[in-house]
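# Notes for the structure review
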Amino acid sequence: MSRVIVITGASEGIGALLARRLGAKGDSLVLGARRLDRLEQVAKETGSSALAVPTDVTKRAEIDRLRDAALQRFGHIDVWVNNAGRGIGLRVMEFTEENLDEMLAVNLKSAWYGMQAVIPHFQARRRGHLVNISSVLARVPLVSARSAYSAAKAALNALTANLRMDLRAEYPDIHVSLVMPGPVATEFHNNALGGTPAGRGIEMQSTEQVVEVLEQVIDRPVSEAYTNPSATGLVRNYYQDVAAFEEGLAARTT
């Protein structure tokens, strides 16, 4: 059955490939990103009736406009994927207030805007699926140079879990999923300053590997999913003995 799926950050990387794969399945897509030329190219490549909507995800009004465009074209929304994100390569004592504000705006507030835009629609229909894309860095401090990004994603994890709890009893058919990739070979990784998790207990994945997991989550909703199979053990080891894990990590990186 064809679904109506909204994807932010859809002009490149994970969002673009996810759009192409879902379009090939026959899903109807509404794609949001700032760069309209690239967004329209992705829309053409999906092979479906995709709608490209130029969207600055840091502005609530534009997220609302993305939702409204989807409803006007298709009448409803089945799945909303908060995929937009941006990294920065500065440690805790290096980044400025402006740097932190940018990380929070792009990686946290944009997803919060998306939640507040689409969840009332899901509640009215009593069904729907929200997917928030976070990062394994929200759970384990593998790369201190991504501290502001990691902090924003950790906050996103908390908002996602609390929203899921808020909806659980009254709206059992509204699913809220959190998907946490590790390092991924995309423009996001290539353009970000600072270190990456590669070589620190978790291997870099291809965009295709991450999107395969995303497709599975969209088809069969779960509360949380790591895209890299090794992440589950890594996170478990970290929380079992934080001090020992961090000591070992420091020894491998000095």
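In this text, all values refer to a predicted model and were calculated from it rather than measured experimentally.

Reading the values: the criteria
Residues numbered from 1 in each chain as written. Predicted model: local features only at pLDDT ≥ 70, side-chain atom pairs only at ≥ 80, totals over all residues. Heavy atoms only, no water. Helix = DSSP H or I, 4+ residues; strand = E, 2+ residues; numbered from the N terminus. Expected span 1.5 Å × (residues − 1). Buried < 20%, exposed > 50% of the residue type's maximum accessible area, 1.4 Å probe, protein only. Contact = heavy atoms within 4.5 Å. Axes fitted to C-alpha atoms, helices over the stretch in contact; angles between N-to-C directions. Parallel < 35°, antiparallel > 145°, perpendicular 65-115°, else oblique. Left-handed = near helix turned anticlockwise from the far one by under 90°. Nonpolar A, V, L, I, M, F, W, Y, C, P; charged D, E, K, R; others polar. Salt bridge = Lys/Arg side-chain N within 4 Å of Asp/Glu carboxyl O.

The next subject is helix α1 (residues 13-24). Taking 1.5 Å as the rise per residue, α1 with 12 residues should run 16 Å; its terminal C-alpha atoms sit 17 Å apart, in good agreement. Regarding α1, the residues found buried are I14, G15, A16, L17, L18, A19, L22 and G23. The inward-facing, buried residues of α1 contact β1 (4-8), β2 (28-33), α2 (36-45), β4 (79-82) and α7 (207-219). Directly after α1, the chain includes G26, whose backbone phi takes a positive value near 100°.

In this section: the packing of helix α4 (residues 97-125) against helix α5 (residues 147-168). Two numbers describe how α4 lies on α5: the axes approach to 8 Å, and their chain directions differ by 15°. In this view, α4 runs roughly parallel relative to α5, as classed from their interaxial angle. Judged by the twist between their axes, the crossing of α4 over α5 is right-handed. Contact with α4, carried on its side by L100, M103, L104, N107, L108, A111, W112, M115, I119 and Q123, involves A148, Y149, A152, K153, A155, L156, L159, T160, L163 and L167 of α5 and no other residues of that element. Tallied by class, residues from the contact of α4 with α5 come to 16 nonpolar, 3 polar and 1 charged.

Take the pattern of salt bridges next. According to the stated counting rule, one finds 14 salt bridges in the structure shown. For R20, the salt bridge identified is with E45, shortest N-O distance 2.6 Å. Residue R20 is found in helix α1, and its partner E45 is found in helix α2; the two are separated by 25 residues along the sequence. For R20, a relative accessible area of 30% puts it in the partly exposed group. E45 gets classed as partly exposed once you look at its relative accessible area, which sits at 37%. The salt bridge partner of R67 is D64, with a shortest N-O separation of 3.8 Å. Placement of the pair is R67 and D64 together in helix α3 (residues 60-74), with a separation of 3 residues, close to one helical turn.

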